[in-house]
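Structural overview
One-letter residues, chain by chain:
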Amino acid sequence: MEKAWMKALVRRADGRAALTERPVPQLQEPRDAIVRVTLSTICTSDLHILRGAVPRANPDIVLGHEFVGVVEEVGEAVHGLRPGDRVAANCITFCGDCWFCRRGFINNCEHGGWELGCRIDGCQAEYVRVPFADTGLTKIPDSVTDESALFLGDILASGYFGAELCELCPGDSVAVVGAGPVGLCAMACARLFGAARVIALDVDPFRLERAAKLGLADFTVNPREQDAERAVRGLTEGRGADGVVEAAGGADSLETAWRIARPNACVALVAMYEENQTLPLPSMYGKNLIFKTGGVDAVHSSELMRLMEAGRLDASFLITHKAPLNRILEGYRVFENREDGCLKWAVTPWEEE
Ligand SMILES: [Zn+2]
Ligand SMILES: [Zn+2]
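Residues numbered from 1 in each chain as written. Chains lettered and ligands numbered in written order. Predicted model: local features only at pLDDT ≥ 70, side-chain atom pairs only at ≥ 80, totals over all residues. Heavy atoms only, no water.

**Details of the overall build of the protein chain**
The criterion, for reference: Runs of H or I in DSSP of at least four residues are treated as helices and runs of E of at least two as strands, each being numbered from the N terminus. To get the radius of gyration, use the C-alpha atoms; to get the globule rule, take the number of residues to the power 0.38 and multiply by 2.2 Å. Only four residue types enter the charge count, namely Lys and Arg as positive and Asp and Glu as negative; His and the chain termini do not. Charged groups are reduced to one reference atom each: NZ for lysine, CZ for arginine, CG for aspartic acid, CD for glutamic acid.
Per the secondary structure count, the protein chain includes 11 helices and 15 strands. Its C-alpha atoms give the protein chain a radius of gyration of 20 Å, within 12% of the compact-globule value 20 Å for 353 residues. With the C-alpha coordinates aligned to their principal axes, the bounding extent of the protein chain is approximately 65 × 40 × 40 Å. Charge separation in the protein chain, taken as the distance between the mean sites of 37 positive and 50 negative side-chain charges, equals 3 Å.

If you want it as structure tokens, here you go:
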């Protein structure tokens, strides 16, 4: 690689993000790859880091963990990838060999975790070094666009995980609390697990309208305007939802989630909470609910990519804004404040002025 310096968005020690110049990353370990980023995006987790809500995050790192790109260089122990391959990243770094990885619990990898854009330099830059590249990157087939593949390893994986945790049966009803990016992906994935009826809940009427317009939700409920429990029962023959995905992480969203579940349902908590939550066990006594928790579980990247290739899944609808890396600070502001209906701000390569 001839280029020695690149543009990158760095989290400074004072908690602010700044566009700056960084050396182009080099291979450090035999299982590394260097990827030229062709499309990346901003995630709520990036905002959590800037707010200081992620203790494991290092200062002075390049932010970002959701991206697609082209492999530039691979280490000698990388077997499945070659320079020139188009790839989508997994936001979780994992070795594939440890006790947890061998059992499919890659989030708990003894040698990985949320590394990119958190503990090591991430993707809001021109190039990124990806450790354990064979497990951290998924090849993109020619028929799948960068825009479709962009969310594979984080937002889409989280939505899929939420839907999967609900243990849905064909014909079931599923309620998704939060019609943001993860919630919308959970709605799309619930169909893959056979959901016949998808109910979206959000306090933002605009987000509900979009979920319905995109064809992801069959029914919408705004807990600020109506009694959510009664509304969901009214849509489910009086029982409540067969599965609930909590993807909002708001002050009352956990309560909404368990209230709208029917007895013996699974309630999947995939939201990223900033505060402790309480389970009012006396109030839910007799409902026999099953709670499952987790963040992104990006263990299904190749399956999700196959679904995209087959035209069964496409999360490119999440991209409401797109601009070069030069404008990423504006992107942070617009994304954080949900200005202009922003769901996801996609970042294209730096443009020389
Ligand atoms: Zn993320
Ligand atoms: Zn591992």
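**Overview of the domain arrangement of the protein chain**
Test applied: Here the bounds of each domain stem from an automatic or database domain assignment. Once two parts are joined, some of their accessible surface, as seen by a 1.4 Å probe, is lost; buried area is that loss totalled over both. Salt bridges are defined as contacts in which a side-chain nitrogen from Lys or Arg sits within 4 Å of a carboxyl oxygen from Asp or Glu. Under the rule applied, a polar contact is a pair of N or O atoms within 3.5 Å (in protein, one hydrogen donor and one hydrogen acceptor; residues adjacent in sequence only if both atoms are side-chain atoms). The classification used treats Ala, Val, Leu, Ile, Met, Phe, Trp, Tyr, Cys and Pro as nonpolar, Asp, Glu, Lys and Arg as charged, and all other residues, Gly among them, as polar.
Domain boundaries assigned for the protein chain yield domain 1 (5-154 + 298-348) and domain 2 (156-293). Once you take the C-alpha centre of each, domain 1 and domain 2 turn out to be 27 Å apart. Across the domain 1 to domain 2 interface the summed buried area is about 1800 Å²; carbon plus sulfur atoms make up 70%. Taken together, domain 1 and domain 2 are joined by 1 salt bridge. For the pair domain 1 and domain 2, the number of links is 9 residue pairs in polar contact (both at pLDDT 80 or more). Every element with two or more residues in the side of domain 1 that touches domain 2 is listed here: α1 (44-50) and α10 (301-309). Considering each element in turn, the side of domain 1 that touches domain 2 owes the most residues, 3 residues, to α10. Of the residues in the side of domain 1 that touches domain 2, the class split is 14 nonpolar, 6 polar and 5 charged.

**Some details on the coordination of the zinc ion (ligand 2)**
We count it as follows: Counted as coordinating are nitrogen, oxygen and sulfur atoms within 2.8 Å of the metal, or 3.2 Å for Na, K and Ca, while water is not included, which may make sites look incomplete. Under the scheme applied here, a residue whose accessible area is under 20% of the maximum for its type counts as buried, over 50% as exposed, and between as partly exposed, the area being computed with a 1.4 Å probe on protein chains only.
Within the first shell, the zinc ion (ligand 2) binds the protein through C95 (SG), C98 (SG), C101 (SG) and C109 (SG), at distances of 2.3 to 2.4 Å. Coordination of the zinc ion (ligand 2) draws on donor residues from a single chain, spaced C-x2-C-x2-C-x7-C in sequence. Highlighted residues: C98 in the loop between β5 (86-89) and α2 (99-102) and C109 in the loop between α2 and β6 (127-130), separated in sequence by 11 residues. Taken individually, C98 and C109 each receive the classification buried, so the pair is uniform in this respect.

**So, the coordination of the zinc ion (ligand 1)**
For the zinc ion (ligand 1), the full set of protein donor atoms is C43 (SG), H65 (NE2) and D154 (OD), at a range of 1.9 to 2.2 Å. All donors to the zinc ion (ligand 1) come from one chain, and their sequence spacing reads C-x21-H-x88-D. Separated by 22 residues along the polypeptide, C43 in the loop between β3 (33-41) and α1 and H65 in the loop between α1 and β4 (67-74) bring together distant segments of the chain. The residues C43 and H65 share a single accessibility class, namely buried.

**Some remarks on the sheet that holds strand β11 (residues 241-246)**
Going by this rule: Two strands qualify as a pair provided DSSP detects at least 2 bridges between them. To obtain each axis, a line is fitted to C-alpha atoms, and for helices this fit is confined to the stretch in contact; angles are then taken between N-to-C directions over 0 to 180 degrees. The criterion used for residue contact is that any of the two residues' heavy atoms lie within 4.5 Å.
In space, the 6 strands of this open sheet follow the order β10-β9-β8-β11-β12-β13, with parallel pairing throughout. Where the open sheet ends on each side, the last strands, each with one partner, are β10 (219-221) and β13 (290-293). Along the sheet, successive strands turn relative to each other by an average axial angle of 20°, direction set aside. In this sheet, β13 lies alongside strand β12 (residues 261-269) in parallel orientation, the contact comprising 4 bridges. By the bridge assignment for β13, V267 is matched with F291. Where helix α6 (residues 181-192) meets the sheet, its contacts fall on β8 (173-177), β9 (197-201) and β11, and the angle it forms with β8 comes to roughly 170°. Against the sheet, helix α9 (residues 253-260) contacts β8, β9, β11, β12 and β13, and its axis sits at roughly 145° relative to β12.

**With respect to the packing of aromatic side chains**
Keep this limit in mind: Aromatic rings from Phe, Tyr and Trp, taking only the six-membered ring of Trp, are treated as a pair when their centres fall within 6.5 Å; an angle between ring planes under 30 degrees marks them as stacked, one over 60 as edge-to-face, and anything in between as tilted. Two thresholds decide whether a charge sits over a ring: the Lys NZ or Arg CZ must be within 6 Å of the ring centre and within 35 degrees of the ring normal.
Inspection of the entire model under this criterion finds 2 aromatic pairs. Taking the centre distance of 5.1 Å and the plane angle of 50° together, the rings of Y160 and F193 count as tilted. Linking Y160 in helix α5 (residues 155-165) with F193 in the loop between α6 and β9, this pair joins segments that are 33 residues apart in sequence. By relative accessible area, which is 25% here, F193 ends up partly exposed. Across from the ring centre of W99, 3.9 Å away, lies the NZ or CZ of R103, which sits over that ring.

**A closer look at the layout of surface pockets**
Keep this limit in mind: Every definition here rests on a 1 Å grid over the protein atoms only: cavities are sets of points where a 1.4 Å probe fits but cannot get out, pockets are open sets enclosed by protein on both sides within 12 Å along at least five of seven lines, and lining residues have some atom within 4 Å of a point. Grid points are joined across faces, edges and corners, and a volume is the space filled by probe spheres set on the points.
Considered as a void within the structure, the second largest pocket measures approximately 160 Å³ in volume. Along the walls of the second largest pocket sit 13 residues, with P25, Q26, Q28, D121 and R129 positioned nearest its centre. Mapped by element, the contributors of at least two residues to the lining of the second largest pocket are β2 (17-23) and β6. For the lining of the second largest pocket, the element with the most residues is β6, which contributes 3 residues. Looking at the lining of the second largest pocket, its residues break down into 7 nonpolar, 3 polar and 3 charged.

**Topic: the pairing of β8**
Defined as follows: With the strands pointing away from the viewer, any crossover whose connection runs clockwise from the first strand over the helix to the second is right-handed.
Burial of β8 is extensive: 5 of the 5 residues sit out of reach of the surface. Every second residue of β8 is oriented toward a common face, with S173, A175 and V177 on one face and V174 and V176 on the other, all of them buried. In this structure, β8 lies alongside β9, joined through 5 bridges in parallel fashion. By the bridge assignment for β9, S173 is matched with R197. For the crossover from β8 across α6 to β9, the handedness is right-handed.

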